[in-house]
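# Breakdown of the fold
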Amino acid sequence: MASPLAPYWQNHVAGAWIDGGAGRIVVSDPANGEPLAEQALADAADVDHAVMAARALHLSGAWFGLRPVERGRMVRAIGQYLLDHAEEIAPLLTREQGKPLWEAHVEVAGAARYFEYYGNQAETLEGRSIPLGADYIDFTAYEPYGVSAQIIPWNYPLEMTARSLSAALATGNACVVKSPELTPLSSAWFGRAAEAVGLPAGAVNVVCGTGPEAGAALAAHPHVNQIVFTGSVPTGISIATAAARTIVPCVLELGGKSAAIVHDDADLEAFESDLRWGIFFNAGQVCSAMSRVIVHESRKAELVERAAALARSLSVGPGIERPEFGANMGAMVSEAQRDRAEAMVAEAVAAGARLAAGGHKLNRPGAFLEPTVLTGVSPDMRIAQDEVFAPVLSVLSFRTEAEAIEIANGTPYGLVGGVFTRDIDRAMRAARAMRAGQVFVNEWYAGGVETPFGGYGKSGYGREKGREALWNYVQTKNVAIRLGGTA
Ligand code: ADP
């Protein structure tokens, strides 16, 4: 087992720390481009080892067979373990991912919260009794699928893992997590937590490997019974295709191009906080980021001015030097991601959009992009259609309510949406009309672990968070009993 900034990190399989059949990968610090540590890289044989360990545990009944309250306590204890080690985990996350240290602490707390929430739900999955007349007793029971495979993206390696792992464990599944190649180090803490709280070996397996090798091997493994994936649309298609071949259900969360509709009566001063969190949190690398604002033309100038001032006010630099909540932003995850975003901004400007703030990389080492506000964006531009996954806001304008909804719904995605107005009727009309899995009224990200989250359209299917997420991890069994003859 490695210490927080050990030079080499192993995978966690069947309760043991092991090397990878595919060798090692160098993990870099995006704040300076320098190597941070090496991570063991799993090959298909390692993935098979992990799946078979999870399957063996499942079949043994040593996890699923526990009384749910016992399982729930252990799940909650994982969260507590993460909180107890936040001072070690958060700096590690910052150094591999780039986010400010205070944001890394927010993520550790968010990850812990999932284990609390789903730990508490473990003993709430009760079946029902269905009346079939005097000659029968019938009841339903919720059983875990067995082996839950979870393929994790690099933007929130702790929270995304916690989201699926907590619910899968609470419902009695054994799990194989494929951690992201860019940010794999902090995931080791899930293996440590599982050991520390006494989960049986094989309940939590964490392997890092490349997507095309380890990820694809996991998605296609014949003994995986359920798959959770968060990431890009093309990868989601590959995974869903693999899952179709083995006939296993998937949950797919594939990003978005989410829009806030800002009406003429909106409180724009309050909206600055929504912009702050909506597009500049985690340097905009958030599936549900507010990447578009669709503002009534009468308030556009004021909104653009406020957004540009906010963007310029953020101090951008190494996350490790940003321990306190405030007007700051860290590095993006990699120079490749930063360069892709910068190129998309340049293309938008060439297509007629105007830069109200930012738009360029910082003149220093590291994957830094200026907080960026683009105005004069039209709905058909690529910047208004494709996910940028960066601190890049596109401002569009509307005249009529119907036009606002049409623009908001005018992408293939449908993850979240927002409407900002003092008029409850207008807000409710938008809430009904927006094609999105979550609608925020007057506060971007209103909700929490308790509220179901997931996409319409190409944002994917299935729901994470809330009670809804539990149904991803269980299958219903009906038991019908014919009673004996006459008395
Ligand atoms: P991004 O393009 O943002 O890196 P991806 O969707 O490619 O997002 O990656 C998200 C996760 O999916 C990562 O853990 C990655 O290793 C994994 N992955 C990538 N390609 C595949 C694949 N073909 N099969 C399974 N997993 C994959």
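Quick summary incoming for the structure in this document. (Residues numbered from 1 in each chain as written. Predicted model: local features only at pLDDT ≥ 70, side-chain atom pairs only at ≥ 80, totals over all residues. Heavy atoms only, no water.)

Before going further, it helps to spend a moment on the environment of Arg 463. Within the secondary structure, Arg 463 is located in the loop between strand S21 (460-461) and strand S22 (474-482). Counting along the chain gives 228 residues from Arg 463 to Thr 235, while the straight-line C-alpha distance between them is 18 Å. Contact partners of Arg 463, with chain neighbours within four places excluded, come to Val 251, Gly 437, Phe 453, Gly 454, Gly 455, Tyr 456, Glu 468, Ala 469 and Asn 472. (Helix = DSSP H or I, 4+ residues; strand = E, 2+ residues; numbered from the N terminus. Contact = heavy atoms within 4.5 Å.)

Let us look at the pairing of strand S17 (residues 372-375). Because side chains alternate across S17, one face comprises the buried residues Thr 372 and Leu 374, and the other comprises Val 373 and Thr 375, equally buried. Pairing of strand S16 (residues 354-357) with S17, which is carried by three bridges, proceeds in the antiparallel orientation. Bridge pairing in S17 links Arg 354 to Thr 375. Pairing of S17 with strand S18 (residues 392-398), which is carried by three bridges, proceeds in the parallel orientation. Counterpart to Leu 374 in the pairing with S18 is Ser 394. (Buried < 20%, exposed > 50% of the residue type's maximum accessible area, 1.4 Å probe, protein only. Pairing = 2+ DSSP bridges.)

Now for the site of the ligand. Surveying the vicinity of the ligand reveals 15 residues, the closest of which are Ile 152, Trp 154, Lys 178, Glu 181 and Ser 232. In the environment of the ligand, an oxygen atom lies 2.9 Å from a nitrogen or oxygen atom belonging to the backbone of Ser 232. Contacts to the ligand include Thr 235, whose side-chain N or O atom sits 3.2 Å from an oxygen atom. Burial of the ligand by the surrounding chains reaches 77%, relative to a free accessible area of 550 Å². Looking at the shell around the ligand, the elements with two or more residues in it are helix H7 (211-220), strand S10 (226-230) and helix H8 (233-246). Examining the composition of the shell around the ligand, we find that three residues originate from one element, H7, more than from any other. (Near = heavy atom within 4 Å. Polar contact = N/O pair within 3.5 Å; in protein donor to acceptor, adjacent residues only side chain to side chain. Areas by Shrake-Rupley, 256 points an atom, 1.4 Å probe, with all protein chains shown as cover.)

Time to look at the environment of Asn 173. Looking at the secondary structure, you find Asn 173 in the loop between helix H5 (157-170) and strand S8 (174-179). On the basis of relative accessibility, which here comes to 0%, the residue Asn 173 falls in the buried class. Here the alpha-carbon distance between Asn 173 and Pro 200, two residues 27 residues apart in the chain, equals 12 Å. Once residues within four sequence positions are removed from consideration, Asn 173 is found in contact with Trp 63, Pro 144, Tyr 145, Gly 146, Ser 148, Ala 168 and Tyr 473. A distance of 3.0 Å separates a polar atom in the side chain of Asn 173 from the backbone nitrogen of Gly 146.

The subject of this paragraph is the sheet that holds strand S1 (residues 8-9). Within the open sheet, the three strands sit side by side as S1-S5-S4. Their pairing is mixed. Edge positions in the sheet fall to S1 and strand S4 (24-28), since each of these pairs with one other strand and no more. Across two bridges, S1 lies against strand S5 (residues 35-40) in parallel orientation. Following the sheet pairing, Tyr 8 is matched in S5 by Glu 38.

Further remarks concern helix H6 (residues 188-197). Counting buried residues along H6, seven of its 10 residues qualify, which places the element largely inside the surrounding structure. Two residues or fewer after H6 comes Gly 198, characterised by a positive phi angle close to 90°.

Let us look at the packing of aromatic side chains. On inspection of all chains with the given rule, the structure shows 14 aromatic pairs. When the centroid spacing of 5.0 Å and the interplanar angle of 85° are considered together, the rings of Trp 102 and Phe 325 count as edge-to-face. Of this pair, Trp 102 sits in helix H4 (residues 101-121) while Phe 325 sits in the loop between strand S14 (315-316) and strand S15 (328-329), placing them 223 residues apart in sequence. Looking at Phe 325, the relative accessible area reads 54%, which means it is exposed. Between Arg 24 and the ring centre of Tyr 8, over which it is positioned, the NZ or CZ distance is 3.5 Å. Directly above the ring of Tyr 136 sits Arg 482, whose terminal nitrogen or CZ lies 5.4 Å from the centroid. (Phe/Tyr/Trp six-rings, centres within 6.5 Å; stacked < 30°, edge-to-face > 60°. Lys NZ or Arg CZ within 6 Å of the ring centre and 35° of its normal.)

Any functional reading would require information that these geometric values do not contain.
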